[in-house]
Amino acid sequence: MTTPKNIPDPNTIHPIAGYDKEIYVKPTIKNPNIIVGDFTYADSEFESHVTHHYDFLGDKLIIGKFCQIAAGVEFVMNGANHQMNAVSTFPFSMLEGWNMKPPAKSDLPFKGDTVIGNDVWIGQNATILPGVHIGDGAIIGASSVVGSNVEPYTIVAGNPAQFIRKRFDEELTNLMLEWRWWDKPIEEINSLIPVLTSSDLTEVKRKVKEMLGK
């Protein structure tokens, strides 16, 4: 195996030489409630696209490795939700001068953490709503509004996002979820690029089985 001259560095902010409109997200994150894996990239700035993310709620945005996040993608967090079990949805407690303490979490439609798997492609201007879980290898169509969980290696699109199709047959999907190429060392991933980028899925399946000892 030939050792590459340049080893990818997950702590590089601008991974394309001379181009500052694409970033690896992880080294730019300051909010401890945003957790992003190595080599996930996005447009030139990320945290401003995570909206209504208030410390007192404690919800997290967790994104895996090698995700591809297009321009204009918004992650809407639980702070966007208003109390819906009272006669008014107006957020008196959030605004200055109103005599109201914050409602109990049990009175809010709290959806929990938002979790994005590994190697997920999120198309331009998509919106991910609070508490959604998107599985490994999924593809989210441009301008989609995702309010429900997305299974691994499926394609969804639309508003609201709807299932379009599975990317692979069940056997290959299960092999990919077992193989978890994104967790392997950088040098090994470099050597696996011919497998990861091949459109001959029958041959990919054979090679992944071989690597898994099946």
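That block above? That's the structure.
S.K.: Explain the overall build of the protein chain to me, please; I cannot follow it from the model alone.
M.R.: Along the backbone of the protein chain there are three helices and 15 strands. With respect to the principal axes defined by its C-alpha atoms, the protein chain has extents near 70 × 40 × 25 Å. Excluding contacts between residues fewer than 6 apart, the proportion of contacts in the protein chain whose partners are at least 24 apart in sequence is 44%. Carbon together with sulfur atoms contributes 53% to the accessible area of the protein chain, which is approximately 12,200 Å² in total. Of note, the protein chain has its 19 positive side-chain charges centred 4 Å away from the centre of its 26 negative side-chain charges.

S.K.: What should I look at first to understand helix 3 (residues 201–212) in this one?
M.R.: In an α-helix, one full turn covers 3.6 residues, which means residues spaced three or four apart are oriented alike. Spanning twelve residues, helix 3 covers 16 Å between terminal C-alpha atoms, matching the ideal 16 Å at 1.5 Å per step. Of the residues making up helix 3, those classed as buried are Val-204, Lys-205 and Val-208. Each buried residue of helix 3 lies within a common arc of 100° when the element is viewed along its axis, so the set occupies one face. Exposed positions of helix 3 whose direction lies more than 90 degrees from the buried face are Thr-202 and Glu-210.

S.K.: Mind showing me how you'd approach unusual backbone geometry here?
M.R.: The phi angle of most residues is negative, glycine excepted, and most peptide bonds adopt the trans form. The linkage connecting Asn-159 with the following residue, Pro-160, adopts the cis geometry, with an omega of 0°. Non-glycine residue Ser-143 carries a positive phi angle of around 65°. Assessed through its relative accessible area of 45%, Ser-143 is described here as partly exposed.

S.K.: Explain the sheet that holds strand 13 (residues 145–146) here, please?
M.R.: Paired through backbone hydrogen bonds, the strands of a sheet run either parallel or antiparallel to each other. Across the sheet, four strands lie side by side as 4-7-10-13; this open sheet has parallel pairing. If you trace the sheet from one side to the other, it starts and ends with strand 4 (50–51) and strand 13, each paired once. Where strand 10 (residues 127–128) meets strand 13, two bridges bridge the pair, whose relative direction is parallel. If you follow Ile-128 over to strand 13, its bridge partner there is Val-146.

S.K.: Explanation requested: the nonpolar core in the structure shown.
M.R.: Across soluble globular proteins, nonpolar side chains have a tendency to be buried as a group. Judged by nonpolar contacts, the single largest core of 27 residues is most densely connected at Phe-46, Ile-63, Phe-75, Ile-116, Ile-122 and Ile-134. Listed by contribution, the elements that provide at least two residues to this core are strand 2 (34–36) and strand 5 (61–63). Ignoring anything within four residues of it in the chain, the contact list for Ile-116 reads Ile-62, Ile-63, Gly-64, Cys-67, Phe-75, Ile-122, Ile-128 and Ile-134. Core analysis: the next-biggest nonpolar cluster, separate from the first, contains 16 residues, Phe-39, Phe-66, Phe-168 and Leu-172 among them.

S.K.: So what exactly am I meant to see when it comes to the sheet that holds strand 11 (residues 133–134) here?
M.R.: Taken in spatial order, the four strands make up an open sheet running 2-5-8-11, and their pairing is parallel. For this open sheet the edge positions go to strand 2 and strand 11, each flanked by a neighbour on one side alone. Bridge count for strand 2 against strand 5 is three bridges, and the pairing is parallel. By the bridge assignment for strand 5, Ile-35 is matched with Ile-62.

Each value, and the rule that gives it
Residues numbered from 1 in each chain as written. Predicted model: local features only at pLDDT ≥ 70, side-chain atom pairs only at ≥ 80, totals over all residues. Heavy atoms only, no water. Helix = DSSP H or I, 4+ residues; strand = E, 2+ residues; numbered from the N terminus. Contact = heavy atoms within 4.5 Å. Areas by Shrake-Rupley, 256 points an atom, 1.4 Å probe, with all protein chains shown as cover. Lys, Arg positive; Asp, Glu negative; His and termini not counted. Charge placed at Lys NZ, Arg CZ, Asp CG, Glu CD. Expected span 1.5 Å × (residues − 1). Buried < 20%, exposed > 50% of the residue type's maximum accessible area, 1.4 Å probe, protein only. Arc of directions from axis to C-beta. Pairing = 2+ DSSP bridges. Core = buried A, V, L, I, M, F, W, Y, C linked by side-chain atoms within 4.5 Å.

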